[in-house]
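# Overview (structure and organization)
Residues per chain are reported as follows:
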Amino acid sequence: MVFSTGGTLGVDFTATEATTANKAFAIGQQECGSDGADYVYTRAAAAVVASDVVSILVDGTVTPLTTVNASVGSAIGFAQTAIANGSFGWVALRGPNLQVNVLAACAPEVMLFTTGTAGFLDDATVTLGLVVGVMTQAAATSNATAHTAICAYPHISRHLMA
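Here goes a summary of the coordinates provided. Just so we're clear, the structure is a prediction, and the values are computed from it rather than from any experiment.

Conventions we followed
Residues numbered from 1 in each chain as written. Predicted model: local features only at pLDDT ≥ 70, side-chain atom pairs only at ≥ 80, totals over all residues. Heavy atoms only, no water. Helix = DSSP H or I, 4+ residues; strand = E, 2+ residues; numbered from the N terminus. Rg over C-alpha atoms; globule rule 2.2 N^0.38 Å. Buried < 20%, exposed > 50% of the residue type's maximum accessible area, 1.4 Å probe, protein only. Contact = heavy atoms within 4.5 Å. Pairing = 2+ DSSP bridges.

This brings us to the overall build of the chain. Within the chain, the regular secondary structure consists of 0 helices and 11 strands. For the chain, the succession of helices and strands along the chain, N to C, is β-β-β-β-β-β-β-β-β-β-β. A globule of 162 residues ought to have a C-alpha radius of gyration of about 15 Å, and the chain, at 15 Å, matches this closely. The C-alpha extent of the chain, read off along each of the three principal axes, is 45 × 30 × 25 Å. Of all 162 residues assigned to the chain, the portion counted as buried reaches 44%. For the chain, long-range pairs separated by at least 24 residues make up 56% of all intrachain contacts whose partners lie at least 6 apart in sequence.

Moving on to the pairing of strand S7 (residues 88–102). Taking burial as the measure, the 15 residues of S7 include 11 buried ones, the bulk of the element. In the sheet, strand S1 (residues 16–17) pairs with S7 via 2 bridges, with the strands oriented antiparallel. Following the sheet pairing, Glu17 is matched in S7 by Phe88. With 6 bridges connecting them, strand S3 (residues 38–44) and S7 associate as antiparallel partners. Residue pairing in the sheet places Asp38 in a bridge with Arg94 of S7. Bridge analysis of S7 against strand S11 (residues 145–156) gives 6 bridges, and the strand direction is antiparallel. Looking at S11, one finds that Leu98 is bridged to Ala149.

Here it is, written out as structure tokens:
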């Protein structure tokens, strides 16, 4: 089980809280995990599935990332556990060996892009949708699923892809 190395008591990166009265941390609080990942405490503005790639807005809310909402997000994160709509929980910002949803047949070690499927990345080129700083370590199977990835301060590139 991953634990906080930052010294803050009560951090459980897999726990979620359904109400504001029960939330244990401030939105935007960051913690380092024993898995080498950095996490941020957020609130889901829509249901988030484990391994979803999420858009983190400036108010600390998260929604599953799509090509449409990619321009709105100020940061990208990776849900390592499901967070119900309106609930609070931790999302990974960067780290080795994170679980990341990719579409079927996505190649390993290539550039990844946003998609129309909420929470998933793919290797199909999307103009203004390049996600810099994420690399899967193995090829996706015929099914869209979570894969282990290295995530190094990912962000959406605004450069046009040819």
